[in-house]
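# Structure at a glance
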Amino acid sequence: MIGAGAAFACVLAAGRAPGEQGRGAVSLGNSNEGRLENGIRIPERGPGYVATAGVNQDAKWGTEELVGAIEAIAAEVARQAPGSNLVVGDLGFREGGEIPHHQSHQAGRDVDLLFYMADKAGAPVRSRAVRFDAAGKGALEDGGEVRFDVARNWLVLRELVESRDAGLQRVFVAERLRSLLLTHAEAAGEPAWIIERAGEAMCEPAVPHDDHFHVRLFCTAEDYRRGCRDTWPIYPWRRTELAPLGIVDVETAPPQPRKASWKRRYVRRVTPGRVWCP
Ligand SMILES: [Zn+2]
């Protein structure tokens, strides 16, 4: 493992010197109420990806860490499985802020990614918005069937966890698909620390996310200094990274669902043993 703070040093060295105004994207506020300054626009296509699946036409903007993470995932999966194409949905608007069809995606640190999928014989097929069941099967509109490509989708998680520059906070995904991914990772002998962090990061929210991943990155250290704020959860390993940077004002407890709200009803039926995912 890389020592705490090393990744932040890389980020700062890559054009994020403290106090340097007007250079580098800055995420402000949090994903549900935030903004983006000097955002990076993801190209419509690049090595191993196409950014054409968004529901908002100009939701192509994010921090360089977010765009860099998408490009790194796409490149790594294409390296291991040539011909793979990651299909990227909405990031956020140029200056962040509220965006139709999403509660979050406001601060340049969120992106929707369609799953990698395969046909019944295991050959890769073009990704589209298909819902997958607990067996990893999905039905196409024309009656055909596709499979959740668990091996390639696991690479998305592994790349995000391994990349300290990315600063992965959350991957919203249905619990049944989280189970498939973790079972695959264990069978494949993946490093325990990567499985553990991926398992922590993946979480099923009230809207199940069974047809795409929603990835959220943490604020960078420089973002924090400019007013970026992470919401819960802040994992113990994350606090260990932040403390030497003097960043201690982080949320340490989940927000309490209000009485009788739809969220409280959801808590009662959340998968046993798993925390509520706000
Ligand atoms: Zn999303």
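Structural notes, computed from the coordinates. (Residues numbered from 1 in each chain as written. Predicted model: local features only at pLDDT ≥ 70, side-chain atom pairs only at ≥ 80, totals over all residues. Heavy atoms only, no water.)

In the contact formed by helix α3 (residues 150-162) and helix α5 (residues 192-201), the axes pass within 9 Å of each other and the chain directions differ by 100°. When the interaxial angle is binned, α3 and α5 end up roughly perpendicular. Packed against α3, whose contacting residues are Trp154, Leu157, Arg158, Val161 and Glu162, the element α5 presents Trp193, Ile194, Ile195, Arg197 and Ala198 at the interface. Class assignment for the residues of the contact of α3 with α5 results in seven nonpolar, no polar and three charged. (Axes fitted to C-alpha atoms, helices over the stretch in contact; angles between N-to-C directions. Helix = DSSP H or I, 4+ residues; strand = E, 2+ residues; numbered from the N terminus. Parallel < 35°, antiparallel > 145°, perpendicular 65-115°, else oblique. Contact = heavy atoms within 4.5 Å. Nonpolar A, V, L, I, M, F, W, Y, C, P; charged D, E, K, R; others polar.)

Around the zinc ion, the donor atoms from the protein are His105 (NE2), Asp112 (OD) and His214 (ND1), and they sit 2.0 to 2.2 Å away. Spacing between the donor residues of the zinc ion along their common chain follows H-x6-D-x101-H. Take His105: its relative accessible area is 1%, and that puts it in the buried class. (Donors = N, O, S within 2.8 Å, 3.2 Å for Na, K, Ca; no water. Buried < 20%, exposed > 50% of the residue type's maximum accessible area, 1.4 Å probe, protein only.)

Burial along strand β2 (residues 33-37) is one-sided: the residues Gly34 and Leu36 are buried and none of Glu33, Arg35 and Glu37 is. Count of turn residues in the strand β1 (residues 26-30)/β2 antiparallel hairpin: two residues. (Pairing = 2+ DSSP bridges.)

Once that is clear, we can look at the sheet that holds strand β11 (residues 137-139). Pairing is antiparallel across the open sheet formed by four strands, whose spatial order is β10-β9-β12-β11. The open sheet has two edge strands, β10 (124-125) and β11, and neither has a second partner. Two strands pair when backbone bridges link them, and β11 and strand β12 (residues 145-148) are joined in this way by three bridges, in the antiparallel orientation. Of the residues in β12, the one forming a bridge with Lys137 is Arg147.

Read these as spatial facts, not as claims about activity.
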